[in-house]
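# Results of the structural survey
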Amino acid sequence: MERPRHQGMAKNTYMRWRLPLVCLLWEVAMIVLFGVFVRFNPEADAHWEKEKGNRNLTSDIENDFYFRYPSFQDVHVMIFVGFGFLMVFLKRYGFGAVGFNFLLAAFGIQWALLMQGWFHSFENGKILIGVENLINADFCVGSVCIAFGAILGKTSPIQLLVMTLFQVTLFAVNEYILLNLLHVKDAGGSMTIHTFGAYFGLMVTRILYRPNLEQSKDKQGSVYQSDLFAMIGTLYLWMYWPSFNSAISEHGDAQHRAAINTYCSLAACVLTTVAFSSMLQKKGKLDMVHIQNATLAGGVAVGTSAEMMLTPYGSLIVGFICGIVSTVGYVYLTPFLESRLHIQDTCGIHNLHAMPGLIGGIVGAITAAAATVDVYGEEGFIKAFDFTGPYKTRTPSIQGGFQAAGIFVSLLMALAGGALVGAILKLPIWGDPADENCFEDDVYWEVPEDEESDVYHMHNPDKPASP
Amino acid sequence: MERPRHQGMAKNTYMRWRLPLVCLLWEVAMIVLFGVFVRFNPEADAHWEKEKGNRNLTSDIENDFYFRYPSFQDVHVMIFVGFGFLMVFLKRYGFGAVGFNFLLAAFGIQWALLMQGWFHSFENGKILIGVENLINADFCVGSVCIAFGAILGKTSPIQLLVMTLFQVTLFAVNEYILLNLLHVKDAGGSMTIHTFGAYFGLMVTRILYRPNLEQSKDKQGSVYQSDLFAMIGTLYLWMYWPSFNSAISEHGDAQHRAAINTYCSLAACVLTTVAFSSMLQKKGKLDMVHIQNATLAGGVAVGTSAEMMLTPYGSLIVGFICGIVSTVGYVYLTPFLESRLHIQDTCGIHNLHAMPGLIGGIVGAITAAAATVDVYGEEGFIKAFDFTGPYKTRTPSIQGGFQAAGIFVSLLMALAGGALVGAILKLPIWGDPADENCFEDDVYWEVPEDEESDVYHMHNPDKPASP
Amino acid sequence: MERPRHQGMAKNTYMRWRLPLVCLLWEVAMIVLFGVFVRFNPEADAHWEKEKGNRNLTSDIENDFYFRYPSFQDVHVMIFVGFGFLMVFLKRYGFGAVGFNFLLAAFGIQWALLMQGWFHSFENGKILIGVENLINADFCVGSVCIAFGAILGKTSPIQLLVMTLFQVTLFAVNEYILLNLLHVKDAGGSMTIHTFGAYFGLMVTRILYRPNLEQSKDKQGSVYQSDLFAMIGTLYLWMYWPSFNSAISEHGDAQHRAAINTYCSLAACVLTTVAFSSMLQKKGKLDMVHIQNATLAGGVAVGTSAEMMLTPYGSLIVGFICGIVSTVGYVYLTPFLESRLHIQDTCGIHNLHAMPGLIGGIVGAITAAAATVDVYGEEGFIKAFDFTGPYKTRTPSIQGGFQAAGIFVSLLMALAGGALVGAILKLPIWGDPADENCFEDDVYWEVPEDEESDVYHMHNPDKPASP
């Protein structure tokens, strides 16, 4: 099991003091900041009984908790099991995939509660949180999980924590620009989560380019069991995506509609993914990489428009296209990006999040621009796009323009932010693995000996008992 | 890895143009049909704000979304993770089990939305869909997943898509006959889903009988890890079955009661399954096949009656019986069906769905026939059986008779439909695998080399590095 | 595969008549007792329509089902998938972990419905059950799953059923003392579930001490895949713990708040677990045992206080501490307990449930004692602690005292009960495995040959085809 053969830098990966220090200091910082700033919002505070009176509510069921908690839990599963297990496909990086995802997400949601809180839930010097904040924190961390997909297997846990710190910060800024300044709709985050997260991650991995990565090429694939584990991630992402895209939509029809549209888009996406996976392979066989990833592109691509009157057939069309785009991306674009642009994208997030995210932004802009009072009804029209207050005079086509602007802002923020953070992560102090140790749990984890067979074949004279 | 030894038909399994063609054409057809027919129902449409006024609703929480969405998601998990992983038990067919299930279900829900929509949600030339339609589409596809269990490992993905097309169609017709013409109650689908799906699948596998299947006998078992994966499927089916049986029941007590009854039945079923699994094995050891499957029979068998006043102890009795029936079926009936009736039932759906489905239909008929105004209350009695309009004069015993008729209709539709579809699937154009390639992912999937050990034992001189 | 070498007692483990007898007799007893006692409560009964009128409810959404069913399902997943898969970490005990957990929980929930029903839902000679009873039954069984963790791999299924019978009984008594006599708050069960369950299990394993357990030492570890399976358990427990701690809290703000506090505590706990896991390992590597277990301690430790005004930063502090305590426990305390106190704690429940449970009880007592009308509001103050009726005059500090008393009662009940039940389980009639067969599925399960490789390397002349 001894490994540090011809590399002096293997020492770098010694985490014993650095990782604990970062974790403990940052968690203490969280406690202090939460202590100063974070309180319950009126729906979670013990004064709710009185608040109910103030709002003329007759029942506890009107508490936002009951509108959103089931969706929150679905989103929560997507972040921790969905993203975590989707990345377990690597044969010897299962601990890192699911474990580091767990770590960065657990830190990220705390920091996101603060960052998003300062921008959106800040009242009288306090951040007031409720279930919607928890969902938004999970969303924000989702964009970090996406970026993690690009650099999977090539970074130390400290690098991941550093990236999380910066990415969450930039996410919150970008989200503020889009939602508050541009007054853009993006409930499922095609722009704020997917476009931003993916291009951020792609830029980071570009900066961290490893010319000699082929040294660990043999570990960059899957084995039979790891592909099955990854399907757990895929299916939970696929099944719960309707909850993701509807989780923070307006109560009532918007949540309802967002779930239906997403369900439709995802269903169509599976069919075209299978079609192109088979078509693009010489022997016509299906490739698990496509089934695990491209089937999800349909959910990404209706992230902006699902709560709008996209209609079920509109959703099918979006899903249809995205299954194709994403699968083609895996076959042709990923190798191209690696060889020509030096973008080493472990999980192919360019195909699953970047391109479908852009498509999602565009579909959202078009759907918004095409909105009419006739289709939405008078109240529905105003409610759907929040054309109230200073936005009273916005027309659908202007809204469409702002939506389109949101795509570019997200893209720019992602690329600039990714370049900055990539440069920071390149500093030789974070303990990243050597090229030949990438995609290998053994560097950062106690890995059990695979002595399974020993148990049953104890008399095998060739194999000594494990220590 | 080269396999096509003494079989010229191995060529048949080449999917490269056939599978993409079917997927793409059918998906385009879906888009066209959705474009013509499918719209949002008033609770998912942007006019909801107005609709609320029309219905005198004061809160968005009255939107059906909040009554049914959590159950919908549970059902969704059952279809994709539950059925998908339950079938991963085969040692070399995990990709096919979870992947083909994914494919057929993704297509099936779209076609089901249309078929069921035409029968049940058709207004002014449009199918109006909401969350209940999504649940029903999942239910309909559930019956296809069941049938898939019988032919698991022996069919091509195209055959599965063809079967899905026909089975969903026939399901919708049968469901229409039962629910609308016979006015039968079957919220959890003992008859419409399980009896129909199982006998349909058994008939299909009978028609597709392979006399030389023992050529792939060595692959028709499980390995340690695949049994653990299958337990994921089992447990999600078992845990969420209360949601399945209550998902489309009337709001309020019916949903509540259906969940409780199902919970009780399933609990009892585990105990008798364990008892008989141990009792019927010479050494008294437990058999994973039974634990994975027979424990679920209790859920199937209260599918009709769970929303009725079956009572918790009634549910325990049903679960008690079904654990026994199902386990005994696995031990004695499955081999008998194969050797004598030439029914090769890969997953033993006869024991998990067919017999418990019939029992469920019978229990439903009895429970309905035994209903009294005293037990249900006056309003409850009418509401539970929908004794309104043209059914105002129905008595419980008449209802029981119609329920019983529903069993026979489902059985006949299943057998006739299965025979027809089996004959279609027998055509030599769908690319089914040769006998010696059954239960083998390698035929339709890119399968990674299992080189796991190589990673750690790189210096092993006997094993060359994988390509 | 033949194993019974030098042990005549191997015969003991023959389950063929004993296990079926226990399962069948007990299930019949359940049916009889349910028949005599268990009925639906008014919200699940068909008279609900009338009951709605009596209670002046205008909508079915006011049915408790809609307040609690999503949380119930999350708790259900925690018990069956969470605990079940968390214990799959052992390399050759996956079937036993997930299968026996399934068995004991399925029996336990029935017996818990009765025991808890007699204490809490007994009216006019009947136990009236609804969704809250299902949650409480799952909770009760949770304490048995915890105790199972201590004796994992060392007992027969009959012993587990016997333990379940007694532990559920004692749980219900202890719960009655705490909730009804001491009028203590413990919605998430730091005391009733975790402290009680863990010390009960630790006492049982102490009584069942096996001096020669090192004979099966080689099987007491994990392999790569089993650690990944265990992470499924970990993540579902971690993600759904907010539902666990809020599932039976009062409607409205209490449920909302409990979920937020738990979410915060768990997030902080991950960071300190990672920190100390790395810090306490010589090479600074992370240990999967810690990630799988200690990350959950934060959920345990806010089980009493989560529904109180613990505040988000208070929750972070609790989680921060518990990640440390739990990880340190795994490294130093578990070996100490084994070598000095002869407590063989397979899963380390002392670190995950016992110590965090005690901390949870203490935090709850302090939080209750620190409550003020100012913080809770007048109505909130009374509602949060149910200071009504005979408890009208209780002050926070008195409540804090009673909370503290609850910890000691739970501890005493657990130790006394565990000693008693341990003595019963020590009787040589239950078929427990010999020391060298512990942690080995082969004793009680039909285990498939691991011939996976055979499928692909059929021509290997050294390995004969499996029978």
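Bear in mind the structure is a predicted one, so any value in this text is a computation, not a measurement. Every chain's residues receive numbers from 1 upward, in the order its sequence appears when written. Each chain gets a letter, beginning with A, and each ligand a number, beginning with 1, in the order they are written. Reporting of local features is limited, given that this is a predicted model, to residues whose pLDDT is at least 70; pairs of side-chain atoms are given and counted only at 80 or more, and all residues count toward the totals for whole chains, interfaces and linings. Note that the side-chain values use all heavy atoms of the structure and ignore hydrogens as well as water.

### Focus on the sheet that holds strand β3 (residues 126-129) of chain C
Residue and element names in this part refer to chain C. As a reminder of what qualifies: Following DSSP output, two strands are said to pair if at least two bridges run between them. Strands here mean DSSP runs of E at least two residues long; helices mean DSSP runs of H or I at least four residues long; both are numbered from the N terminus. Whether two residues are in contact is decided by their heavy atoms, any of which lying within 4.5 Å being enough. For every element, the axis is a line fit to its C-alpha atoms; helices are fit only across the contacting stretch, and the angle between N-to-C directions ranges from 0 to 180 degrees.
One open sheet accounts for 3 strands, arranged β1-β3-β2; its pairing is mixed. In this open sheet, the two strands that pair with only one neighbour each are β1 (38-40) and β2 (122-123). Here β1 runs beside β3; their pairing, made up of 3 bridges, is parallel. Note that in β3 the partner of Arg39 across the bridge is Leu128. Against the sheet, helix α1 (residues 18-37) makes contact with β1, β2 and β3, and its axis sits at roughly 55° relative to β1, the strand it touches most.

### A closer look at the side chain of A:Asp45
Here is the rule: Residue burial is assigned from relative accessible area. The probe radius is 1.4 Å, only protein chains are included, and a residue is buried under 20% of its type maximum, exposed over 50%, and partly exposed in between. Counted as positive: Lys and Arg. Counted as negative: Asp and Glu. His and the chain ends are not counted at all. One side-chain nitrogen of Lys or Arg within 4 Å of one carboxyl oxygen of Asp or Glu is enough to make a salt bridge. Contacts described as polar in this section are N or O atom pairs within 3.5 Å, which, within protein, must combine one atom able to donate a hydrogen with one able to accept it, while residues neighboring in sequence count only if both atoms come from side chains.
Assignment of secondary structure puts A:Asp45 in the loop between β1 (38-40) and α2 (48-54). Here A:Asp45 is buried and forms no salt bridge, its nearest opposite-charge partner C:Arg257 lying at an N-O distance of 5.8 Å. One polar contact links A:Asp45 to A:His47, side chain to side chain, over a distance of 2.7 Å. If we skip the residues at most four places from it in the chain, A:Asp45 touches A:Phe40, C:Asp253, C:Arg257, C:Met309 and C:Val375.

### A short note on the interface of chain A and chain B
Convention followed: When two parts are brought into contact, each loses some accessible area as probed by a 1.4 Å sphere; the total of that loss over both is the buried area. Classes in brief: Ala, Val, Leu, Ile, Met, Phe, Trp, Tyr, Cys and Pro nonpolar; Asp, Glu, Lys and Arg charged; the others, Gly included, polar.
The partner chain B presents 83 residues to the 83 residues of chain A that form the contact. Contact between chain A and chain B buries roughly 7200 Å² in total, counting both sides, with carbon and sulfur atoms accounting for 70%. For the pair chain A and chain B, the interface holds 2 salt bridges. Linking chain A with chain B are 30 residue pairs in polar contact (both at pLDDT 80 or more), by the criterion used here. Elements that contribute at least two residues to the side of chain A that touches chain B include exactly α3 (64-86), α8 (224-246), α9 (253-279), α10 (288-293), α12 (312-341), α14 (373-376) and α15 (378-385) of chain A. Of the residues forming the side of chain A that touches chain B, the biggest block, 19 residues, is contributed by α9(A). The residue inventory of the side of chain A that touches chain B, partitioned by class, reads 42 nonpolar, 19 polar and 22 charged.

### A few points about the sheet that holds strand β1 (residues 38-40) of chain B
All names here are of chain B. Pairing within the open sheet is mixed, and its 3 strands lie in the order β1-β3-β2. Each edge of the open sheet is held by one strand with a lone partner, namely β1 and β2 (122-123). Packing of helix α4 (residues 94-120) onto the sheet brings it into contact with β1, β2 and β3 (126-129), and relative to β3 it is tilted by some 105°.

### Describing empty space enclosed by the protein
In plain terms, the rule: In this analysis a 1.4 Å probe is tested at points of a 1 Å grid over the protein atoms alone, and where it fits but cannot get out there is a cavity; an open set with protein on both sides within 12 Å along at least five of seven lines is a pocket; lining residues have an atom within 4 Å of a point. Grid points are joined across faces, edges and corners, and a volume is the space filled by probe spheres set on the points.
Taken as a whole and judged by the stated rule, the model has 11 cavities of 30 Å³ or more. Along the walls of the largest cavity sit 21 residues, with A:Tyr66, A:Pro70, B:Pro70, C:Tyr66 and C:Pro70 positioned nearest its centre. Taken together, the residues of the lining of the largest cavity break down into 18 nonpolar, 3 polar and no charged. Space inside the second largest cavity adds up to approximately 140 Å³. Looking at the second largest cavity, it is lined by 14 residues, and the ones nearest its centre are A:Pro70, A:Asp74, B:Pro70, B:Asp74 and C:Asp74. Class assignment for the residues of the lining of the second largest cavity results in 8 nonpolar, 3 polar and 3 charged.

### Side note on the relation of the copies chain C and chain A
For clarity, the cut-off: Our superposition of the copies is a least-squares fit, built on the C-alpha atoms of residues whose pLDDT is at least 70 in both.
Rotating chain C by 120° and translating it 0.0 Å along the rotation axis places it on chain A, where the RMSD comes to 0.0 Å. The operation mapping one copy onto its partner corresponds to a three-fold rotation axis. Residues of chain C ranked by C-alpha distance from the rotation axis are headed by C:Pro70, positioned 3.6 Å from it. A share of only 18% of the interface residues of chain C reappears at the interface of chain A, consistent with the copies meeting through non-equivalent patches.

### Quick word on the environment of B:Val98
For B:Val98, the position within the fold is in helix α4. On the accessibility criterion, B:Val98 (0% relative accessible area) is buried. Considering only alpha carbons, one finds B:Val98 and B:Phe80, 18 residues apart in sequence, at a separation of 7.8 Å. Beyond its immediate stretch of four places on either side in the chain, B:Val98 contacts A:Leu228, A:Met231, A:Leu235, B:Gly84, B:Phe85 and B:Val88.

### Examining the relation of the copies chain A and chain B
Note on the copies: chain A fits chain B at an RMSD of 0.0 Å, the axial shift is 0.0 Å, and the rotation between them is 120°. Here only 18% of the contact residues of chain A are again contact residues in chain B; the copies associate through non-equivalent surfaces.

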